[in-house]
Amino acid sequence: MGKYEQLAKDIIKNVGGKENVLSLTHCVTRLRFQLKDEGKANTDVLKNMDGVVTVMQTAGQYQVVIGNHVPDVFKDVCEVAGISGGEGSGEKVKRKFSEAALDIISGIFMPSIGILCASGILKGVNIILDMAGLIPAASGLGQILAGAADAMFWFFPIILGFNAFKKLGGNPYLGMTLGAALCYPALQGVNLNVLGFNVNATYTSTMLPILVMSFIAVPMEKWLNKVVPDVVKTFVVPAVVLFVCVPVGFCLIGPAANEVGAIINNVIQGAYGFSPIVAGILLGFLWQLLVMVGCHVLVVLPMMMRLMAGEPQPLMAVVAFPSFVQTGAVFAIWLKSKNKKLKTIALPAWISGIFGVTEPAIYGVTLPNGKQFILTCVGAGVIGGLSVLLGVSQFTMGGLGVFALPAMIDPANGSGSIISAVIVAVAAIVIGFIIAFVTYKDKKEAVIENKEEKLVKGREVICSPINGNVLPLSEAKDDAFAQGLLGNGVAIDPADGKVVSPVDGTVMTLFPTKHAIGLVSDNGAEILIHLGMDTVKLDGKYFEAHVKQGDKVKKGDVLVTCDVEAIKAEGYSMITPVIVTNTADYLDVVEMASGTVKAGDDIISCLN
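Residues numbered from 1 in each chain as written. Predicted model: local features only at pLDDT ≥ 70, side-chain atom pairs only at ≥ 80, totals over all residues. Heavy atoms only, no water.

A few words on the packing of helix H5 (residues 140-154) against helix H6 (residues 156-168). Remark: H5 packs on H6, axes separated minimally by 5 Å, with the N-to-C direction vectors making an angle of 55°. With respect to H6, the axis of H5 lies oblique. Residues Met152, Phe153 and Trp154 of H5 form the contact with H6, whose participating residues are Phe156, Pro157 and Ile159. Of the residues belonging to the contact of H5 with H6, the class tally is 6 nonpolar, no polar and no charged. (Axes fitted to C-alpha atoms, helices over the stretch in contact; angles between N-to-C directions. Helix = DSSP H or I, 4+ residues; strand = E, 2+ residues; numbered from the N terminus. Parallel < 35°, antiparallel > 145°, perpendicular 65-115°, else oblique. Contact = heavy atoms within 4.5 Å. Nonpolar A, V, L, I, M, F, W, Y, C, P; charged D, E, K, R; others polar.)

Another point: the environment of aspartate 442. Tracing the backbone shows aspartate 442 in the loop between helix H17 (414-439) and helix H18 (451-454). In sequence terms aspartate 442 and isoleucine 333 are 109 residues apart; their C-alpha atoms lie 9.1 Å from each other. The contacts of aspartate 442, once residues within four sequence positions are left out, are Ser337, Lys338, Asn339 and Leu342.

This part takes up the sheet that holds strand E13 (residues 526-530). A sheet is described by the order of its strands in space; here 8 strands give the open sequence E15-E11-E12-E13-E17-E9-E8-E19, paired in antiparallel fashion. Taken across any chain shown, the strands that pair with only one partner, and hence form the sheet edges, are strand E15 (552-553) and strand E19 (595-597). The pairing of strand E11 (residues 505-510) with strand E12 (residues 516-521) spans 5 bridges and is antiparallel. Across the sheet, valine 507 pairs through a bridge with leucine 519, a residue of E12. (Pairing = 2+ DSSP bridges.)

With that settled, consider helix H1 (residues 5-14). Each turn of an α-helix holds 3.6 residues, which means side chains three or four residues apart point in the same direction. Taken residue by residue, H1 has Leu7, Ala8, Ile11, Ile12 and Asn14 as its buried positions. Residues of H1 that are buried sit in contact with strand E2 (30-35), helix H2 (43-47) and helix H3 (70-81). One or two positions beyond H1, positive phi appears at glycine 16, with a value near 105°. (Buried < 20%, exposed > 50% of the residue type's maximum accessible area, 1.4 Å probe, protein only.)

Moving on to the pairing of strand E20 (residues 602-607). Taken across its 6 residues, E20 has 5 buried, putting it largely inside the fold. Pairing analysis gives 4 bridges linking strand E7 (residues 460-463) to E20, with the strands arranged antiparallel. The partner of valine 461 across the bridge, within E20, is serine 605. With 4 bridges connecting them, strand E18 (residues 588-591) and E20 associate as antiparallel partners. Residue pairing in the sheet places valine 589 in a bridge with cysteine 606 of E20.

Attention now moves to the nonpolar core. Of all hydrophobic cores here, the largest spans 33 residues; its most connected members are Ile462, Ile529, Leu559, Val578, Ile603 and Ile604. Every element with two or more residues in this core is listed here: strand E9 (488-494), E11, E12, E13, strand E16 (558-562), helix H20 (564-569), strand E17 (576-580) and E20. Excluding residues that lie within four positions of it along the chain, leucine 559 makes contacts with Val499, Val500, Ser501, Pro502, Ile517, Leu519, Ile529, Glu544, Ala545, His546, Val547 and Val553. If you look at the next biggest cluster of nonpolar residues, it comprises 32 residues, including Leu160, Ala164, Ala201 and Ala217. (Core = buried A, V, L, I, M, F, W, Y, C linked by side-chain atoms within 4.5 Å.)

Let's shift gears to the sheet that holds strand E14 (residues 543-545). Judged by pairing direction, the sheet is antiparallel, and its 3 strands sit side by side in the order E10-E16-E14 without closing on themselves. Pairing within the sheet leaves two strands with one partner each, and these edge strands are strand E10 (498-500) and E14. Taken pair by pair, the neighbouring strands of this sheet meet at an average axis angle of 20°, ignoring direction. Here E14 pairs with E16 via 3 bridges, running antiparallel. The residue bridging phenylalanine 543 from the neighbouring strand is cysteine 562, located in E16.

Moving on: the side chain of serine 573. Position of serine 573 among the secondary structure elements: in the loop between H20 and E17. Classification of serine 573 by relative accessible area gives buried; the value is 19%. A polar contact is formed between the side chain of serine 573 and the backbone nitrogen of isoleucine 575, at a distance of 3.2 Å. (Polar contact = N/O pair within 3.5 Å; in protein donor to acceptor, adjacent residues only side chain to side chain.)

Take the packing of aromatic side chains next. Here the structure, examined in full by the defined rule, presents 8 aromatic pairs. Ring centres of phenylalanine 331 and tryptophan 350 lie 4.8 Å apart, and the angle between their planes is 70°; on these two criteria the pair is classed as edge-to-face. Of the two residues, phenylalanine 331 is situated in helix H13 (residues 322-336) and tryptophan 350 in helix H14 (residues 340-354); the sequence distance between them amounts to 19 residues. Judged by relative accessible area, tryptophan 350 falls into the buried class, the value being 17%. Joined through ring pairs, the aromatic side chains of Phe331, Trp334, Trp350, Phe433 and Phe437 make up one cluster. (Phe/Tyr/Trp six-rings, centres within 6.5 Å; stacked < 30°, edge-to-face > 60°.)

Moving on: the pairing of E16. Consecutive residues of a regular strand have side chains that alternate between opposite faces of the sheet. Pairing geometry for E10 and E16, over 3 bridges, is antiparallel. Across the sheet, residue valine 500 finds its bridge partner in E16, namely valine 558.

Unlike most non-glycine residues, leucine 195 shows phi in positive territory, near 55°. Among the secondary structure elements, leucine 195 is positioned in the loop between strand E5 (192-194) and strand E6 (197-199). Positioned with a positive phi, tyrosine 542 is a non-glycine residue whose angle comes to about 75°. The partly exposed category is assigned to tyrosine 542, whose relative accessible area is 29%.

On the surface, Ile277, Ile281, Leu389, Leu390, Ile419 and Ile423 cluster together into a nonpolar patch covering about 520 Å² of accessible area. Those elements giving two or more residues to the nonpolar patch turn out to be helix H10 (276-293) and H17. For isoleucine 419, a relative accessible area of 49% translates into the label partly exposed. (Patch = residues over 30% accessible without salt bridge, like charges linked within 9 Å, V, L, I, M, F, W, Y side chains within 5 Å. Areas by Shrake-Rupley, 256 points an atom, 1.4 Å probe, with all protein chains shown as cover. Salt bridge = Lys/Arg side-chain N within 4 Å of Asp/Glu carboxyl O.)

So far we have only geometry, and geometry alone does not tell us how the molecule works.
Here's what the structure looks like:
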């Protein structure tokens, strides 16, 4: 057990126990739980816990934010809960398709983002060291460092196979083996005669083939585990999956990818014959998509052959610039976003993007945001047309990112060509930056001039749960409440001890000490009513609950009663925070009242 054993025990206890955990993964800063019943989790206890930054409930996940040391906490949590890094009780909950899809994408790609960023940065460093003559690429050390930088990209199907199987509930080592089979050196780019059919495919550095294979192989593995006798299933099941899925992967997925690549290449070459600018726009728009599915080599191979024969290639220059668009967009998102996790990913992603390695930018930043990826493709299309319009060509094989620019120096007219290439590269960064800076939003945003304008349609109104005097939340004598770490809201100095429901909803949490109650409204607002400061120490004395956890309540239903004067006589403040703990899910959470209020008066507005 590691040094976070006690924290791990406290986390498992307050997410409802290990029997309430369906699955557990982690990303850069947070533990990502899927819980059988989120109502069993003591959210405000977790948020107040030393070692926990906050708790987020989004995309079907219960996310406990830890910080950069989350991998170490994750290991201890898995050990305490007796689960194996992602596996939980095995039960399933119904979720929206969009939530499930986002969760699958995150689960497959997010564990690899940090290493992708590191590999991209190392590739750029290696090129700089080579150009400076410090560590030549041809030297022994240079080749070793190149292997360190390229390994993640070259064998990406192995990594994705492991992640995909783990996320989909299969044996991750079987997924890793499927990915390794796709990367098997003797099978790359060679003509294979399989049952009378000719197959030629290359899968290193690809994404789509192993993902498709995983979605086929995992259900097959699960079915086989049910029908194959236990005594032989440990080796029979993976043998059958490999026997079926690897040939299917090579013989069906490979040819399909080749055919897609050939069609796209014919379209682009035909477009270039019709209009070079149209071809540049088309190739620029499609390039990142081609890289993702592994068809890009098929498109550029004919151009590479002509390039090596001494024929300048304008479309080879076009494909160097989409990475600059991605880099500009990710830089803008890094500047604009307030999402700490996203900023942690975006920083190294745009650094590696400068060197032409855009996988971290795509898989970690723009693709998960959907619209941002499409917009960067559109921007790359515009830049592709500009590249052709300014007459930029590639004259020799070059590097990636900024190191592709020297290959665009025209031996006959060097200055003119490279100046045009630099102009296009700068324009690509600027376009990507503008696109993202204008369109990217952490959440739905609107321009708000004053408090009255915040109270608009689409809001949810939280009523006062108690008679009393409304105070700013900052007057609560507890930093977690006063600083808004648990969410925005108000504080109330109660006139009596009758606490009623401020919304129609469900009792999500009722502390055994009855001093705090959590509700989730029918519209999704998560509300915490915390009666007094440090009143947990009374251990329920002077408090009486009239509901239990899981009860459905209507606005005005009595939740708790307490003896305010007796509690004050014991030396406790009865200042009562009423906060919206999922404040991050709203555009804003606004105080609507001040001074004296009665139970049922509007006090908080949640703006959607």
